[in-house]
Amino acid sequence: HGYVVLARDAHRAGADLVAGARRVAYRQLGQAARGESEQSDANTDAAVLALYHSSAVRRTVEDLLGGATARVGSAQIAARWPGEHCAGRGAFEVPPWFDSHYHIDGLATPDGSSRVPPGEMHAFDALVGVALDDSGSEPFHGNLMAWPGSHHRLAHMCATTELASHLRDCGIEALPRPHELPGQASHPAMQVTMRAGDVVILNYLTCHSVAPHTGDTPRLMAYFRVTANTSSGVHAATPEVSLRAGSPWARWPGLREELQVADAEEASLAEAQEATARSELAAA
C-alpha cells in the first residue's frame, strides 16, 4: 500500500507523551488564534518532539530504514476543523470530488505555502504521523487519505520519464492527478483511521491528502519527516537521486530485509504443507 498503521502498544506513542504534546499543540493554536504568535510548520517544542524521540516510534522507523537517521528536530502539528473540506459554506456534507486531488511533500506550491522554492525538491524517506486524539478513529473526520500503490506508480514514472525533473522544476503542478496516474483509478483513496497514540508511516512517494471533516471536534496529528542517514554507507544516494531508481524502497534496507525473511518463511511453510499433503496422499 505504501503506508502502515501501528496500533499495537509495542509501537505506539504512550498516553502521557500524547497528552503532553496535545496540550502544547492546543496552547500554540490558541496563541495563534489570539494573534499572540504565528503558527509554524516547524514545531520544536520538547513535548512534541518527545512523541518521536522518547517513544518506540524512532526505533521502529530506524529499523525500517536500516539504521540511524538524520536528526529529526521539528514536527508539523496538523489541525483539521469540523466543516473543513466539506461541500458548501457552513455545510457538513462530503463533496463528490473529495478524492480528486492529492500531493506529496517537499514540492513547490503555487501559493508558496510549502515554503519550497521553485527549482528545488525537499524530498525525504518516511512521513511519520502520530494521532493526538481519537477524532480520526472514524472516516470523514479530517482523516489522512492515502492512495494505495501510488508510490510504486510514481517511482516507475520517475525512472522511465522526466517526471522527477518536472517535479523539481514545476513543483506540485507537475504531479499527475489520480485519474492521470496509470493504474491508480482501480486503487482509490483509503482513509486512515487512528486513535490517540497510533502511528502511521508512509513512504515519501505515497500520494496523500485530507478527508472532509464532518465531525464535531478538531482532529490533531503530529507529523515528522525522516531522512535516512546517507553518511552511514547503507544508503548510496540522496532521496532525490533515488527517485530515479524505480524502487520506492531503495532507501529502506531494513524493510527489504524483513520482507525477504517473511517471503522465506512463507515459502518454507508452503513447502512443509506440500510435503505433508504428499505424505497423507501416499498413506491413503
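Everything below is about the structure shown above.
Residues numbered from 1 in each chain as written. Predicted model: local features only at pLDDT ≥ 70, side-chain atom pairs only at ≥ 80, totals over all residues. Heavy atoms only, no water.

Undergrad: Where do I start with the overall build of the protein chain in this structure?
TA: Of regular secondary structure, the protein chain possesses 7 helices and 8 strands. The 284 residues of the protein chain split such that 45% are buried. In the protein chain, the share of contacts with a sequence separation of at least 24, taken over all contacts with a separation of at least 6, comes to 84%. (Helix = DSSP H or I, 4+ residues; strand = E, 2+ residues; numbered from the N terminus. Buried < 20%, exposed > 50% of the residue type's maximum accessible area, 1.4 Å probe, protein only. Contact = heavy atoms within 4.5 Å.)

Undergrad: How do you make sense of the packing of aromatic side chains when you look at a structure like this?
TA: Given two aromatic rings, one states the distance between the centres and the angle between the planes to describe the pair. Under the criterion given, the structure shown has 5 aromatic pairs. Aromatic pair Phe 98 and Phe 140: ring centres 5.3 Å apart, planes at 70°, arrangement edge-to-face. Pair noted here: Phe 98 is in the loop between strand E2 (76-80) and strand E3 (126-131) and Phe 140 is in the loop between E3 and strand E4 (144-146), with a separation of 42 residues, a long-range link. Overall, Phe 98 belongs to the partly exposed group, its relative accessible area being 24%. Judged by its relative accessible area of 23%, Phe 140 falls in the partly exposed class. Between Tyr 102 and Trp 147, the aromatic rings sit 5.0 Å apart at their centres with planes inclined by 85°, giving edge-to-face as the arrangement. You can see Tyr 102 sitting in the loop between E2 and E3 and its partner Trp 147 sitting in the loop between E4 and helix H4 (150-160), a full 45 residues away along the chain. A single burial state applies to Tyr 102 and to Trp 147, both of which are buried. (Phe/Tyr/Trp six-rings, centres within 6.5 Å; stacked < 30°, edge-to-face > 60°.)

Undergrad: What exactly am I supposed to notice about the packing of helix H2 (residues 46-53) against helix H3 (residues 56-65) here?
TA: Relative orientation and spacing of two packed helices are given, respectively, by the angle between their axes and the distance between those axes. Taken N-terminus to C-terminus, the directions of H2 and H3 make an angle of 45°; their axes are 5 Å apart at the nearest point. Taken together, the axis directions place H2 and H3 in an arrangement best described as oblique. Facing Leu 51, Tyr 52 and His 53 of H2, the residues of H3 in contact are Val 57, Arg 58 and Val 61. Its residues placed into classes, the contact of H2 with H3 shows 4 nonpolar, 1 polar and 1 charged. (Axes fitted to C-alpha atoms, helices over the stretch in contact; angles between N-to-C directions. Parallel < 35°, antiparallel > 145°, perpendicular 65-115°, else oblique. Nonpolar A, V, L, I, M, F, W, Y, C, P; charged D, E, K, R; others polar.)

Undergrad: Would you take a moment to explain the environment of Asp 16 for this structure?
TA: Relative to the elements of secondary structure, Asp 16 occurs in helix H1 (residues 15-33). By relative accessible area, which is 72% here, Asp 16 ends up exposed. Taking C-alpha positions, Asp 16 is 9.6 Å from Leu 51, a pair spaced 35 residues apart along the chain.

Undergrad: How do you make sense of the sheet that holds strand E7 (residues 208-210) when you look at a structure like this?
TA: In a beta sheet, neighbouring strands pair by backbone hydrogen bonds and run either parallel or antiparallel. The 3 strands lie next to each other as E5-E4-E7, forming an open sheet whose pairing is antiparallel. Strand pairing shows two members of the sheet lacking a second neighbour, strand E5 (190-192) and E7, which therefore form its edges. With strand direction ignored, the average angle separating the axes of adjacent strands in the sheet is 35°. Bridging between E4 and E7 involves 3 bridges; their strand directions are antiparallel. The residue bridging Met 145 from the neighbouring strand is Ser 209, located in E7. (Pairing = 2+ DSSP bridges.)

Undergrad: Quick question: what am I supposed to make of the pairing of E2 here?
TA: The side chains of a regular strand alternate, residue by residue, between the two faces of the sheet. Of all the 5 residues making up E2, 4 are buried; the element is thus mostly covered by neighbouring parts of the structure. The pairing of E2 with strand E8 (residues 219-226) spans 5 bridges and is classified as antiparallel. Bridging across to E8, Ala 78 finds its partner in Met 221.

Undergrad: Explain the side chain of Ser 55 to me, please; I cannot follow it from the model alone.
TA: Counting through the fold element by element, Ser 55 comes out in the loop between H2 and H3. The class of Ser 55 is buried, set by a relative accessible area of 14%. One polar contact links the side chain of Ser 55 to the main-chain carbonyl oxygen of Leu 51, over a distance of 2.5 Å. Looking at Ser 55, its side chain comes within polar contact range of the main-chain nitrogen of Val 57, at 3.2 Å. In contact with Ser 55, other than residues within four places in its own chain, are Arg 12, Ala 13, Leu 17 and Ala 50. (Polar contact = N/O pair within 3.5 Å; in protein donor to acceptor, adjacent residues only side chain to side chain.)

Undergrad: Teacher, can you tell me more about the environment of Asp 125 here?
TA: Positionally, Asp 125 belongs in the loop between E2 and E3. Spatially, the C-alpha atoms of Asp 125 and Thr 227 are 4.9 Å apart, while their sequence positions differ by 102 residues. Looking at Asp 125, its side chain comes within polar contact range of the main-chain nitrogen of Ala 228, at 2.7 Å. Reaching out from Asp 125, the side chain makes a polar contact with the side chain of Arg 251 at a distance of 2.8 Å.

Undergrad: Explain unusual backbone geometry here, please?
TA: Only a minority of non-glycine residues have a phi that is not negative, and only a minority of peptide bonds are not trans. Backbone geometry at Arg 115 places phi at a positive 60°, although glycine is not the residue there. Positionally, Arg 115 belongs in the loop between E2 and E3. Positive phi outside glycine occurs at Phe 140, with the angle close to 60°.

Undergrad: Would you mind showing me how to read the pattern of salt bridges here?
TA: Pairs can form between side chains of opposite charge once their charged atoms are near each other. Taken as a whole, this structure holds 10 salt bridges when the rule is applied. Taking the shortest distance from any N to any O, the salt bridge between Arg 12 and Asp 9 comes out at 4.0 Å. What makes Asp 9 exposed here is its relative accessible area of 67%. Arg 251 is the partner of Asp 125 in a salt bridge, and the nearest nitrogen-oxygen pair spans 2.8 Å. Highlighted residues: Asp 125 in the loop between E2 and E3 and Arg 251 in the loop between helix H6 (239-242) and helix H7 (253-283), separated in sequence by 126 residues. Of the two residues, Asp 125 and Arg 251, neither departs from the other in class, the shared state being buried. Among the charged side chains, a salt-bridge network with shared partners connects Asp 9, Arg 12 and Asp 198. (Salt bridge = Lys/Arg side-chain N within 4 Å of Asp/Glu carboxyl O.)

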